Amino acid sequence: MTTEEKLQHFYDLSIEGAQADAQKLIDTHKAALDKMFVEHKEVKNRQAESELKAESDKLKRDFNKEISKEQLLIKRQLSAVTSELRERLFTEVEQKLLEFKKTPAYRDMLFRQVKEALDFAAGDEMTVYLDPSDTHLADAITEEINITGFAPVISKESFQGGMRAVIRSKNILIDNSFTTLMNDEKEKFTLEV
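Attention here is on the structure that accompanies the text. From a predicted model like this one, the values you see are computed outputs, not experimental measurements. (Residues numbered from 1 in each chain as written. Predicted model: local features only at pLDDT ≥ 70, side-chain atom pairs only at ≥ 80, totals over all residues. Heavy atoms only, no water.)

### Section: the layout of surface pockets
In this structure, the largest pocket encloses a volume near 160 Å³. Lining the largest pocket are ten residues, with Leu-118, Asp-124, Met-126, Ile-147 and Phe-150 positioned closest to its centre. When the residues that make up the lining of the largest pocket are grouped by side-chain class, the tally is six nonpolar, three polar and one charged. (1 Å grid on protein atoms, 1.4 Å probe; cavity = no way out; pocket = protein on both sides within 12 Å on 5 of 7 lines; lining within 4 Å. Points joined across faces, edges and corners; volume = space filled by probe spheres on them. Nonpolar A, V, L, I, M, F, W, Y, C, P; charged D, E, K, R; others polar.)

Okay, structure coming up:
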């Protein structure tokens, strides 16, 4: 082999070796870059998922906050409407009671309440109070009951109708006044929605 051939052979081997080394370096570098790319992708995906979850949680919290505000507003409005309806209802009931007081049925009810109270007292001393608006019925009740010394007393305060009776010896108050009955109903009343 001549020197030129040897040089050419050396050159070819050197080039092949250099190309093989270069290819190895390129492959190693490419593998490292691929690995870095995969790791970078995983990090970015985790960051994106984390940001997405954080944003999703924030949106849920904001949504829940808005729903709570709306629910509170609706409850307030419902409460106001319920209160208004309740007041209208009891105003209407008071009007009906005033109309009822003008009927003979009211007079009969009042007489019956006084008789029941007297029966309950069983001879004990009792004071029967009538509403000031029922003054015109006092004499009729006295005549109807027909017990010596019995006369209903006209109350100084109005209780819208009905009667109240006190049996002092037993510390008993019989309260069939419309005011008390209305207040009891107002306390118990709930409007189903």
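### Observations regarding the sheet that holds strand E1 (residues 127-130)
Strand pairing in a sheet takes place through backbone hydrogen bonds and is either antiparallel or parallel in direction. As summarised here, the arrangement of the four strands in space is E2-E1-E3-E4, forming an open sheet in which the pairing is mixed. Edge strands, defined here as strands with exactly one partner in the open sheet, are strand E2 (153-154) and strand E4 (172-175). Across four bridges, E1 lies against strand E3 (residues 163-167) in antiparallel orientation. Paired with Tyr-129 across the two strands is Arg-164, which belongs to E3. (Pairing = 2+ DSSP bridges. Helix = DSSP H or I, 4+ residues; strand = E, 2+ residues; numbered from the N terminus.)

### A look at the pairing of E3
In terms of burial, E3 is largely enclosed, as five of its five residues are buried. Burial along E3 is two-sided: Met-163, Ala-165 and Ile-167 facing one way and Arg-164 and Val-166 facing the other are all buried. In this structure, E3 lies alongside E4, joined through four bridges in antiparallel fashion. Paired with Val-166 across the bridge in E4 is Leu-173. Connecting E3 to the antiparallel partner E4 that follows it, the hairpin turn spans four residues, and Asn-171 within it adopts a positive phi of roughly 50 degrees. (Buried < 20%, exposed > 50% of the residue type's maximum accessible area, 1.4 Å probe, protein only.)

### Some points on the side chain of Thr-180
On the secondary structure map, Thr-180 appears in helix H4 (residues 178-188). Within polar-contact distance, the side chain of Thr-180 engages the side chain of Ser-177 at 2.9 Å. Discounting residues that sit within four places of it in the chain, Thr-180 has contacts with Arg-164 and Asp-175. (Polar contact = N/O pair within 3.5 Å; in protein donor to acceptor, adjacent residues only side chain to side chain. Contact = heavy atoms within 4.5 Å.)

### Observations concerning the packing of helix H2 (residues 104-121) against helix H3 (residues 138-145)
The packing of two helices is summarised by the inter-axis angle and the distance between the axes. Interhelical geometry of H2 versus H3 gives an angle of 50 degrees and a closest axis separation of 11 Å. For the element pair H2 / H3, the angle class is oblique. Viewed along their axes, H2 and H3 form a crossing whose handedness is right-handed. Residue-level contacts link Arg-107, Leu-110, Phe-111, Val-114, Lys-115 and Leu-118 of H2 to Ala-140, Ile-141, Glu-144 and Ile-145 of H3. Here the contact of H2 with H3 is built from residues that sort into seven nonpolar, no polar and three charged. (Axes fitted to C-alpha atoms, helices over the stretch in contact; angles between N-to-C directions. Parallel < 35°, antiparallel > 145°, perpendicular 65-115°, else oblique. Left-handed = near helix turned anticlockwise from the far one by under 90°.)

### Here we look at the nonpolar core
In this structure, Val-114, Met-126, Ile-141 and Met-163 are the most contacted members of the largest nonpolar core, which totals 21 residues. At the level of elements, H2, E1, H3 and E3 are the ones that each hand at least two residues to this core. Of all the elements, H2 adds the most residues to this core, at eight residues. Contact partners of Val-114, with chain neighbours within four places excluded, come to Val-128, Ile-141, Ile-145, Phe-150 and Met-163. (Core = buried A, V, L, I, M, F, W, Y, C linked by side-chain atoms within 4.5 Å.)

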